[in-house]
Amino acid sequence: MSGNDAFISIQALSKHFGPVKAVDRIDMTIGGGEFFSLLGASGCGKTTLLRMLAGFETPTAGDIHIDGVSMDEVAPHHRPTNMVFQNYAIFPHLDVRKNIAYGLRVLRLGNAEVDRRVDEMLEVVKLPGFGERRSNELSGGQRQRVALARALIKRPKVLLLDEPLGALDKKLREEMQLELRALQQSLGITFIFVTHDQEEAMTLSDRIAVMADGKVLQTDTPEQLYEAPNSREVGAFIGTMNFLRGRIVALELDPETIVVEAGAAGTFRVAGTGRGRTVGDPVLVGIRPEKLSVSVTQPADGTNAIQGRFAAMSYLGDRSHYFVEVDGLDQRISVASQNDLQHLLAVGQLDFGAEIWLTWAPAGAVILAD
Amino acid sequence: MSDTVSIAVRPAGPGRSWRSRLRALYLRSEALRGYTLLSPTLVVMAFAMVAPFTILVAMSFWTQTGFDIDTTLTLRNYQEAADAPVYRALLIRSLWISGTCAVLTVLFSYPMAYYVAFHVHRRKLVWIILMTLPFWTSYLLRVFSWKVILGYNGAINSGLKSLGLIEQPLEFLLYSPTAIVITLAHAWAAFAILPIYVSLEKIDRSLLEAAADLGDGPVARFLRVTLPLSLPGVIAASLLIFIPTVGDYITPTLVGGPDGIMIANLIQVQFGRVNDWPMGATLAILMMIVVGLISVTYIWLSRKAIERIA
């Protein structure tokens, strides 16, 4: 984060559509120059929140401040924000130049200055020479660039992006992600990016707010969200996670470790502080698939291990996903593993139903709020 | 065996391939399939419109001599139409009345269409049907009802009199070009509302949000996005009213009075009482050419104007 840490501050913001609480008492602060993503499944309220920032929806309750100014009474056309719409909303009756220059009319610049700025933006979004085209003569990726240029030419304090890459194919999307990130870093503008694609949010963002049912579940850096989700929902939404339900049976001090007894999954150690917890507390333990290793021989005593049967596998080229059935657990445990030589030798020839062991380090698991 | 087969097949061969080739051509060519769809209408058009029109054009180059028609080709009728000031005056008056009528109808219809397109969210169809309700009654009935409203002892005059606002009934209300404009505007409103509504309804709402986002207030948004994008509807609406009303002769006869005679009244008289069909044909064709030229210029000008605004 650079500059002001609370460049945008959202307090107790709610938006109700009849009985539906699209956004439910959200508090949030976003720093100046930050690339901030709102991530969630469709209907979680992320687009409504973005539209309230732009001024297209009036909050039912709560307040938004941008750069210290309350947006309560500010109409959309006077806000220091610009938006890239999901369908790009390119004006069909205007060519690319006039689309990009659209917002400059309010600034009452001379023709020469307008031309200079449009040319500059066409360079920035890599569309020089496309000025005379109409929107129906552009590809999806080009339209996306025009929408971006049109929003950026007014040099907004905040750029709002509503799933702008959703309609692009995978290759183009990845290319645009890199360009967006580079653009944001060179311009230093605050980007607020709405997406349902967790990979996209992880690639682009400084911080991500994971939303569900109009509420924010967790706001954190991509790394923290992945490694230390605070709840089952976040763990399950960002990537894949195996969950084991159990009870604390002992708290160890050096190193700080929590010993968990998890029924069919046996007893194992989780690295972490026991502060605030007592022996006997029920806990939910989450383990990422790639933290688990597969072993065909029984590991030494004292190692975290579960015994199970090899049930299914999907081959993804660079890595594979294995699914392991454990007696007494109602869900299969998923294991991700790089397809290096050792694995191919050790597991590649395994038959379905073969007895295997899953092992993991105490630091590989996290304890979640249940 | 193989000889017998080839002999048996050969006569059928060319016939089948001719048929299937035609079929393939039909399936391949979109234009051909289009013409097939059009063909019933095309046949009707050819007989019911092109033929009379050809006769009309031919007749305009003939001359009436007493009860006979002289079929030697001449431009005399056109010469006469250009020289006699009454024809020109009536044509200009007709264009003026229809033009005013088209402008007023579009101006009054646009807000209605706009309201239904943008502010009515349920049962839009009911609203549209209600707006076009006047169109459900007979044309003559609508004209007569305006006579009742605008007449010497009509609704407006007796209303104003009973309020004490006027002593004598207002005589300019009925039997004037104003009465024609009012009657036509009401009668043709449905033709303006529908195309304007359709063009407004098609506008993607996110375009208006984008305009707001880029700093345009409501007025600028309307002028720079809504109006240009609804322009096809506005052009269609004004032409749909302008073109047929120039040639109207019923409304001017019933509510126009002596100052409200239009070119079509004159054309009607040529084919009727005056019995100078070639002159009637000439006037009809002149009217058509002028209306055509005005329409093309109008389309061109409005496109230019909108480009300038945006």
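Residues numbered from 1 in each chain as written. Chains lettered and ligands numbered in written order. Predicted model: local features only at pLDDT ≥ 70, side-chain atom pairs only at ≥ 80, totals over all residues. Heavy atoms only, no water.

### Remarks on the overall build of chain A
Helix and strand counts for chain A stand at 9 helices and 20 strands. Overall size of chain A, expressed as C-alpha extent along the three principal axes, is 80 × 45 × 40 Å. Counting only residues that meet the buried cut, chain A has 50% of its 370 residues in that class. Contacts in chain A between residues at least 24 apart in sequence constitute 66% of all its contacts with a sequence separation of at least 6. Surface exposure of chain A reaches about 17,300 Å², of which carbon and sulfur atoms provide 49%. The averaged location of the 47 negative side-chain charges in chain A is 8 Å from the averaged location of its 38 positive side-chain charges. (Helix = DSSP H or I, 4+ residues; strand = E, 2+ residues; numbered from the N terminus. Buried < 20%, exposed > 50% of the residue type's maximum accessible area, 1.4 Å probe, protein only. Contact = heavy atoms within 4.5 Å. Areas by Shrake-Rupley, 256 points an atom, 1.4 Å probe, with all protein chains shown as cover. Lys, Arg positive; Asp, Glu negative; His and termini not counted. Charge placed at Lys NZ, Arg CZ, Asp CG, Glu CD.)

### As for the sheet that holds strand β20 (residues 365–368) of chain A
Whether parallel or antiparallel, the strands of a sheet pair through hydrogen bonds between backbone atoms. Residue and element names in this part refer to chain A. An order of β13-β12-β11-β14-β20 is seen for the 5 strands of this open sheet, with the pairing classed as antiparallel. The open sheet has two edge strands with one neighbour each: β13 (267–271) and β20. Ignoring strand direction, the axes of neighbouring strands in this sheet form an average angle of 45 degrees. With 5 bridges connecting them, strand β12 (residues 257–261) and β13 associate as antiparallel partners. Note that in β13 the partner of V260 across the bridge is F268. (Pairing = 2+ DSSP bridges. Axes fitted to C-alpha atoms, helices over the stretch in contact; angles between N-to-C directions.)

### Some points on the pairing of strand β18 (residues 333–338) of chain A
Residues and elements named next belong to chain A. Burial analysis of β18 places 5 of its 6 residues in the buried class, which makes it a mostly covered element. As defined by bridge partners, strand β17 (residues 319–325) adjoins β18 across 6 bridges and the pair is classed as antiparallel. Counterpart to V324 in the pairing with β18 is I333.

### Remarks on the nonpolar core
Core analysis: the biggest nonpolar cluster contains 96 residues, and A:I8, A:I10, A:M28, A:L38, A:L49, A:F91 and A:I192 have the highest contact counts within it. It is helix α5 (residues 85–119) of chain B that contributes the most residues to this core, 13 residues altogether. Excluding anything up to four places from it in sequence, A:I8 contacts A:M28, A:T29, A:I30, A:L53, A:H65, A:I66, A:V158, A:T190 and A:I192. Among the nonpolar cores identified, the runner-up in size contains 34 residues, and A:V125, A:V146, A:L148 and A:L152 belong to it. (Core = buried A, V, L, I, M, F, W, Y, C linked by side-chain atoms within 4.5 Å.)

### Points about the confidence of the model for chain B
Residue and element names in this part refer to chain B. Residues at a pLDDT of 70 or more form 94% of chain B, whose mean pLDDT is 88. Across chain B, helix α11 (residues 205–213) holds the top mean pLDDT of 95, while helix α1 (residues 2–9) sits lowest at 44. Within the model, pLDDT remains below 50 along residues 1–13, and this stretch shows 0 contacts once partners closer than five positions in the same chain are excluded. (pLDDT = per-residue confidence, 0-100.)

### So, helix α3 (residues 111–124) of chain A
Residue and element names in this part refer to chain A. The end-to-end C-alpha distance of α3 is 20 Å, a good match for the 20 Å that 14 residues give at a rise of 1.5 Å each. Taken together, the buried positions of α3 are V114, R117, V118, M121 and L122. Buried residues of α3 fall within an arc of 140 degrees about the axis and therefore sit on the same side. When the buried face of α3 is taken as reference, the exposed residues oriented beyond 90 degrees from it are A112 and E123. Looking at the buried positions of α3, the neighbouring elements they touch are α2 (96–101) and α4 (140–152). A positive phi of about 60 degrees marks K126, the residue just after α3. (Expected span 1.5 Å × (residues − 1). Arc of directions from axis to C-beta.)

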